[in-house]
Amino acid sequence: AMSSSSTSSLEMEIFQYIDAHQNDFIKDLKEWVAVESDSVQPHLRKEVMRMMALAANRLAALGATVNLVNLGSQQLPDGQVLPVPSVILGELGKDPHKPTVCFYGHVDVQPAKKEDGWNTDPYTLTELDGVHLFIRNLYGRGATDNKGPVLAWINAVETVRALKLAMPVNFKFVIEGMEEAGSLGLEKLLEEENQSFFSDVDYIVISDNLWLSKSKPALTYGSRGSACFFVECGSKDLHSGTFGGIIHEPLLDLIALLDSLVDSTGHIQIPGIYDSVAALTEEEWKLYESIEFDLEEHRNNCGVKKFLYSTKEEILLHLWRYPSLSIHGIEGAFHEPGIKTVIPAKVIGKFSIRQVPHMDLSVVKKQVVEHLEGVFSKRNSPNKLKVSMPLGAKPWLADVNDLLYKAGRRAVKTVFGEDPDFICDGSTIPVARMFQTVTQKSVMMFPIGAADDGEHSQNEKISRHNYIEGTKLFAAFFLELSKLH
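Named according to an unreviewed UniProt entry, the chain is CNDP1 dipeptidase originating from Brachypodius melanocephalos.

Right, here's the structure in full:
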């Protein structure tokens with residue numbers, strides 16, 4: 001639904017070219033999806049290397065200067081040594097009067113096998129009718145995470161080149177092949193290149209997440225951080241017939257500790273934990289009110305009978321805007337089928353807290369330790385207590401009034417005829433945070449995939465509509481950015 005009044009003849013020319021070449025763009029995606037660039041399984045590492053070469057050639061064909069930065073090798077726990085795929089640093093255009101936008105994407109994928117429950121071969125891009133007949137879906141591993149969006153951006157740049165138009169902006173590219181395996185070596189590379197490759201970058205765009213809705217576009221401006229905790233109790237296994245009833249059992253201590261963390265309404269009971277949570281502003285609340293979100297559908301997808309909250313706003317606020325605490329398991333407890341009358345000696349409870357601005361990791365750790373030590377001391381137990389935080393990742397938050405988001409919003413309006421939802425992600429997106437922290441540039445997450453694309457799961461897809469309109473969206477964004485800058 002193109003609103004012609006707001007669409008310039010330049011945009012029309014670009015959009016017509018994209019429509020006319022959509023089958024070529026889909027053919028390119030098919031070629032990329034066919035490469036089993038799974039960065040998780042060691043035996044497929046050579047396929048990741050092949051994928052990096054393919055992506056580098058595609059950028060070179062655009063006329064970009066391409067530098068493949070070697071990141072050396074990694075040693076696996078079993079001693080096996082694997083090469084780490086090179087990171088692509090590409091650049092196209094160096095006009096000092098134009099803004100420079102750097103695009104980040106990855107071309108490695110999650111593992112996939114047909115027998116995991118795929119209806120089609122995961123590495124053969126297959127076009128099928130969706131549930132709604134007018135939606136055609138492109139099924140394949142990497143279709144939405146992240147080969148489709150990376151190609152959509154490249155297609156958009158290619159369209160500008162093919163039409164011999166003046167370049168609206170300068171382009172830079174950071175494309176990696178280790179995202180699904182923890183982006184090994186990326187942060188160090190960003191730090192090393194900060195004064196050189198990134199010195200003239202004005203904006204960073206990441207398109208590696210999804211809309212909240214199946215049909216309404218979104219811009220993402222934040223994600224929660226994550227702090228993982230281990231709480232350890234006790235020392236050696238004992239028999240319950242010999243000792244049951246006369247000792248302080250470590251597992252009882254641990255269960256009391258874990259039980260003290262959250263109440264039945266989901267409220268975290270650690271004193272002070274909410275103190276630093278940023279106050280909700282009127283402007284923010286308005287963003288939540290206009291979001292398209294189907295509570296029932298979300299509930300059915302989760303397979304739960306009811307949520308802790310009954311309104312859309314409260315659900316989204318508690319998913320994005322407030323911290324949460326989840327308990328993941330207990331190491332050392334007896335968990336096999338059948339009965340074993342053991343008193344487990346040393347048990348480790350594992351839980352994590354998703355933090356939000358402006359919570360400080362070191363303060364959170366201190367609050368958790370003090371709370372658990374307080375609960376433990378009241379039990380007068382002779383067992384040893386040890387609390388540790390093996391992992392901490394900070395939240396990420398962008399300014400929705402930033403120029404980048406204005407350009408994104410206008411591009412969405414041009415291509416989709418409506419304003420986007422401004423959304424956050426309840427999980428942790430390390431790369432957005434990493435780029436913002438290292439480069440200090442403004443970062444926007446600009447998804448083109450729909451809520452039901454199924455990244456990481458069986459039958460991953462991107463619809464033909466989202467892939468092609470997403471290509472138009474990126475092209476429109478280049479024009480908006482050059483106008484606003």
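Once you've had a look at it, read on.
Caption draft 1: Region of the structure containing the packing of aromatic side chains. Going through the model one piece at a time under the given rule, you end up with 15 aromatic pairs. Summarising the aromatic geometry, the rings of W153 and F477 are spaced 6.2 Å apart at their centres and angled 55 degrees between planes, so their arrangement reads as tilted. Of the two residues, W153 sits in helix α4 (residues 147–162) while F477 sits in helix α14 (residues 464–484), which places them 324 residues apart along the sequence. Accessibility assignment for this pair places W153 and F477 in one class, buried.

Caption draft 2: Broad picture of the sheet that holds strand β7 (residues 136–139). If you trace the 3 strands from one edge of the open sheet to the other, you get β6-β7-β20, paired in antiparallel fashion. Pairing within the sheet leaves two strands with one partner each, and these edge strands are β6 (126–129) and β20 (461–463). Taking each pair of neighbouring strands and ignoring which way they run, the sheet shows an average axis angle of 30 degrees. Where β6 meets β7, 4 bridges bridge the pair, whose relative direction is antiparallel. Paired with T126 across the bridge in β7 is Y139. α14 rests against β6, β7 and β20 of the sheet, and its axis sits at about 65 degrees to β20.

Caption draft 3: Summary view of the pairing of strand β15 (residues 347–354). With respect to burial, β15 is a largely interior element, 6 of its 8 residues being buried. Bridge count for strand β11 (residues 226–233) against β15 is 7 bridges, and the pairing is antiparallel. Opposite F230, over in β15, you have K350 as the bridge partner. Here strand β13 (residues 324–331) runs beside β15; their pairing, made up of 7 bridges, is antiparallel. Each bridged residue has a counterpart across the sheet, and for L325 the counterpart in β15 is I353.

Caption draft 4: Geometry of the sheet that holds β11. With respect to topology, 4 strands assemble into an open sheet ordered β13-β15-β11-β16, the strand pairing being antiparallel. Each of the sheet's edge strands pairs with one partner strand only, and the pair in question is β13 and β16 (385–393). The average angle at which neighbouring strand axes cross in this sheet is 20 degrees, direction not considered. In this fold helix α11 (residues 361–378) packs onto β11, β15 and β16, with an angle of close to 160 degrees to the strand it touches most, β16.

Caption draft 5: Focus on the UniProt feature "site: Important for catalytic activity" (unreviewed entry) in the chain. The feature "site: Important for catalytic activity" (unreviewed entry), as given by UniProt, occupies H239 in the numbering adopted here. Tracing the backbone shows H239 in strand β12 (residues 238–239). Aside from chain neighbours lying at most four places away, what touches H239 is G244, T341 and I343.

Caption draft 6: Local environment of the nonpolar core. Judged by nonpolar contacts, the single largest core of 102 residues is most densely connected at W153, F171, V174, F435, Y467, F477 and F478. With 10 residues, α14 is the largest single contributor of residues to this core. Residues in contact with V174, not counting those within four places in the same chain, are V87, I88, L89, C102, F103, Y104, G105, L186, F197, F198 and F435. Membership of the second largest hydrophobic core comes to 26 residues, among which are F229, C233, A333 and F376.

Caption draft 7: Representation of the UniProt feature "active site" (unreviewed entry) in the chain within the structure. Under the present numbering, the feature "active site" (unreviewed entry) in UniProt falls on D108 and E179. Of the residues just listed, which span 72 residues, no C-alpha pair is farther apart than 6.7 Å, and they cluster in one region. You can see D108 is positioned in the loop between β5 (100–106) and β6. Among the polar contacts listed, one links the side chain of D108 to the side chain of S39, at a separation of 2.6 Å. With respect to the helices and strands, the residue E179 is situated in the loop between β8 (170–176) and α5 (186–193).

Caption draft 8: Inspection of the state of the cysteines at higher detail. Applying the stated rule across the entire model yields 0 disulfides. The thiol of C233 is unpaired, and the distance to the nearest cysteine sulfur, on C228, comes to 19 Å. For the unlinked cysteine C424, the closest cysteine sulfur is that of C302, found at 18 Å. By relative accessible area, C424 is classed as buried at 10%.

Caption draft 9: Spatial organisation of the side chain of E180. Turning to its location among the elements, E180 is positioned in the loop between β8 and α5. In this structure, E180 is buried with no salt-bridge partner, the nearest side chain bearing the opposite charge being R141 at 7.5 Å. A distance of 3.2 Å separates polar atoms of two side chains, one belonging to E180 and the other to H456. Apart from residues lying up to four places away in sequence, E180 is in contact with S39, V40, H106, D108, V109, Q110, D145 and H456.

Caption draft 10: Quick peek at the packing of helix α1 (residues 9–20) against α14. In contact at an axis separation of 10 Å, α1 and α14 are set at 155 degrees when each is read in the N-to-C sense. One finds that α1 runs roughly antiparallel with respect to α14. In this structure, the crossing between α1 and α14 has a hand that is right-handed. Across the interface between the two elements, L10, E11, I14, F15, I18 and D19 of α1 pack against I468, E469, T471, K472, A475, A476, L479 and E480 of α14.

Caption draft 11: Layout of the environment of N383. Note that N383 resides in the loop between α11 and β16. Here the alpha-carbon distance between N383 and L165, two residues 218 residues apart in the chain, equals 73 Å. Excluding its chain neighbours within four sequence positions, the residues that come into contact with N383 are G234, H248, E249, P250, D253 and F376. A polar side-chain atom of N383 sits 3.0 Å from the main-chain carbonyl oxygen of H248. In this structure the side chain of N383 is engaged in a polar contact, spanning 2.9 Å, whose partner is the side chain of D253.

Caption draft 12: Up close: the domain arrangement of the chain. Each domain of the chain was delimited in the assignment, giving domain 1 (9–223 + 395–483) and domain 2 (225–277 + 322–393). Summarising the inter-unit geometry, the C-alpha centres of domain 1 and domain 2 are found 39 Å apart. Contacts between the two partners involve 6 residues from domain 1, matched on the other side by 7 residues from domain 2. Together, P395, L397 and T428 form the three largest contributors to the area buried by domain 1 at its contact with domain 2, with a combined 81%. Taken together, the links from domain 1 to domain 2 amount to 0 salt bridges. If you look at where domain 1 meets domain 2, you find 1 residue pair in polar contact (both at pLDDT 80 or more). For the side of domain 1 that touches domain 2, the class distribution of residues is 2 nonpolar, 4 polar and no charged.

Analysis parameters
Residues numbered from 1 in each chain as written. Predicted model: local features only at pLDDT ≥ 70, side-chain atom pairs only at ≥ 80, totals over all residues. Heavy atoms only, no water. Phe/Tyr/Trp six-rings, centres within 6.5 Å; stacked < 30°, edge-to-face > 60°. Helix = DSSP H or I, 4+ residues; strand = E, 2+ residues; numbered from the N terminus. Buried < 20%, exposed > 50% of the residue type's maximum accessible area, 1.4 Å probe, protein only. Pairing = 2+ DSSP bridges. Axes fitted to C-alpha atoms, helices over the stretch in contact; angles between N-to-C directions. Contact = heavy atoms within 4.5 Å. UniProt positions renumbered as here; feature names shortened; annotations may be inferred. Core = buried A, V, L, I, M, F, W, Y, C linked by side-chain atoms within 4.5 Å. Polar contact = N/O pair within 3.5 Å; in protein donor to acceptor, adjacent residues only side chain to side chain. Disulfide = S-S within 2.5 Å. Lys, Arg positive; Asp, Glu negative; His and termini not counted. Salt bridge = Lys/Arg side-chain N within 4 Å of Asp/Glu carboxyl O. Parallel < 35°, antiparallel > 145°, perpendicular 65-115°, else oblique. Left-handed = near helix turned anticlockwise from the far one by under 90°. Domains from an automatic or database assignment. Buried area = accessible area lost by both parts, 1.4 Å probe. Nonpolar A, V, L, I, M, F, W, Y, C, P; charged D, E, K, R; others polar.

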